Every structure is written in structure tokens, then in C-alpha cells.
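Now for the letters of each chain:
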Amino acid sequence: MSLPADGGREQAGAGRAVAEDAPVFVISVAAELAGMHAQTLRQYDRLGLVSPGRTRGGGRRYSPRDVALLREVQRLSQEDGVNLAGIKRIIDLESQVEALQQRVQELLTEVEIAQSRAIAAESAIRAGYGRDLVPLRPSTSALVVWRPRTER
């Protein structure tokens, strides 16, 4: 993946897309986009419901993902009647599920890579030995007991 000419920073406008987690909105804009009061956003931040990015000076910067989460918090609260503690628990559980799904995908990729390497190694071994190796199958199922010789 190559970085844009501006050093990796994406800008809004001019036909460029903004990254989903880029902290670009000040609190007043995020509040307006979410249909809430700025003080509500500050309260949600204190409660840990929505944690925006911060500037060096400590100002909050909300990403498009944060705004979507604010809307979801509002929906859960107003339409479904879930209290803030319940909303926090829902958000935490959804985050855990997302992280676990991502880990499952990583592990599936690792398994696929390991399987392809095993197949390649097996093919290389077979190609290297040609017909020199013949699988040995036991001709009997007899059990042999070994006993040391007694001294005479």
C-alpha cells in the first residue's frame, strides 16, 4: 500500500475520502452531526461510552466512526430504552466480538499458509526421492515381547 503524496494524511473535500477512524471533527461539529448537545458528548466521554481522539492541547476530535457510535448510543437510549450502563456493556461486548472475529480471520490465514507450506514441503520430498521410498505397512499385528538374556 502506498502513502499519498501528503505524507499519509487524508483530507476531507477535493474528492478525497476521510478514513473511518480519522479524528477530524471538533466537538461542536460532531454534536451537530450526531444530533446531540456538546455537553452530552463530554458526558459520554467521561463515562467511556465514546472516547474521541485528542489534540496536543487536549481538545476532542471525533472521527466518522465516533459520530456513528454516538448515533447508535442515542438510538439505544431513546428507541430501545437502554440505560447508559447497559449501552456501555453493549459497546464493550461488540468491541470484544469484533476483536475476536479479527483474530479468527488472522488464525484462518495462518492455517491456510501452514497448509500450503506443508503441501509444498511434502511435494518437494516426494519429488526429491522419486520412487526410492516405499511405504511400509506392517504384515502382522503380532506383539513381540523382548526379554533380556539371563546370564549363564
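Every value quoted in this text rests on a predicted model; they were computed, and no experiment measured them.

### With respect to the overall build of the chain
Inference 1: Broken down by element type, the chain carries 4 helices and 2 strands.
Inference 2: Shown N-terminal to C-terminal, the secondary structure of the chain runs as helices and strands in the order α-α-β-β-α-α.
Inference 3: Considering the chain as a whole, with its 152 residues, one finds that 16% of them fall into the buried category.
Inference 4: Restricting to contacts in the chain with at least 6 residues of sequence separation, those with at least 24 account for 50%.

### Points about the pattern of salt bridges
Side-chain pairing between opposite charges can occur once the charged atoms of the two side chains come close.
Inference 1: Applying the stated criterion across every chain, the model contains 7 salt bridges.
Inference 2: Between Arg75 and Asp80 there is a salt bridge, and its shortest N-O distance comes to 2.9 Å.
Inference 3: The class of Arg75 is partly exposed, set by a relative accessible area of 30%.
Inference 4: A network of salt bridges, in which partner residues are shared, links Asp45, Arg54 and Arg60.

### Quick notes on the nonpolar core
Inference 1: If you look at the biggest cluster of nonpolar residues, it comprises 17 residues, and the most contacted ones within it are Leu41, Leu49, Tyr62, Leu70 and Val73.
Inference 2: The residues contacting Tyr62, other than those within four sequence positions of it, are Ala22, Pro23, Val24, Phe25, Val26, Ile27, Ala30, Leu41, Val50, Pro52 and Leu70.

### Observations regarding the packing of helix α1 (residues 27–34) against helix α3 (residues 64–78)
Inference 1: For the pair α1 and α3, interaxial distance at closest approach is 9 Å and the crossing angle is 45 degrees. Classified by the angle between their axes, α1 and α3 sit oblique to one another. For the pair α1 and α3, the crossing hand works out as right-handed. Residues Ala30, Leu33 and Ala34 of α1 form the contact with α3, whose own contacting residues are Val67, Leu70, Arg71 and Gln74.
Inference 2: Broken down by class, the residue content of the contact of α1 with α3 amounts to 5 nonpolar, 1 polar and 1 charged.

### Remarks on the environment of Ser51
Inference 1: Within the secondary structure layout, Ser51 lies in the loop between α2 (38–47) and β1 (53–54).
Inference 2: In this structure the C-alpha to C-alpha distance between Ser51 and Arg61, which are 10 residues apart in sequence, comes to 9.4 Å.
Inference 3: Contacts of Ser51, omitting those with residues within four sequence positions, involve Asp45 and Asp66.

### Topic: the confidence of the model for the chain
Inference 1: In this model, the chain carries a mean pLDDT of 84, and residues with pLDDT of at least 70 account for 83%.
Inference 2: For the stretch residues 1–14, pLDDT sits under 50, and the model shows 11 contacts to residues farther than four places along the chain or on other chains.

### Some points on the UniProt feature "coiled-coil region" (unreviewed entry) in the chain
Inference 1: Sequence positions flagged by UniProt for "coiled-coil region" (unreviewed entry) are, in local numbering, residues 90–117.
Inference 2: With 100% helix and 0% strand, the stretch residues 90–117 has end C-alpha atoms that lie 41 Å from each other.

Conventions we followed
- Residues numbered from 1 in each chain as written.
- Predicted model: local features only at pLDDT ≥ 70, side-chain atom pairs only at ≥ 80, totals over all residues.
- Heavy atoms only, no water.
- Helix = DSSP H or I, 4+ residues; strand = E, 2+ residues; numbered from the N terminus.
- Buried < 20%, exposed > 50% of the residue type's maximum accessible area, 1.4 Å probe, protein only.
- Contact = heavy atoms within 4.5 Å.
- Salt bridge = Lys/Arg side-chain N within 4 Å of Asp/Glu carboxyl O.
- Core = buried A, V, L, I, M, F, W, Y, C linked by side-chain atoms within 4.5 Å.
- Axes fitted to C-alpha atoms, helices over the stretch in contact; angles between N-to-C directions.
- Parallel < 35°, antiparallel > 145°, perpendicular 65-115°, else oblique.
- Left-handed = near helix turned anticlockwise from the far one by under 90°.
- Nonpolar A, V, L, I, M, F, W, Y, C, P; charged D, E, K, R; others polar.
- pLDDT = per-residue confidence, 0-100.
- UniProt positions renumbered as here; feature names shortened; annotations may be inferred.

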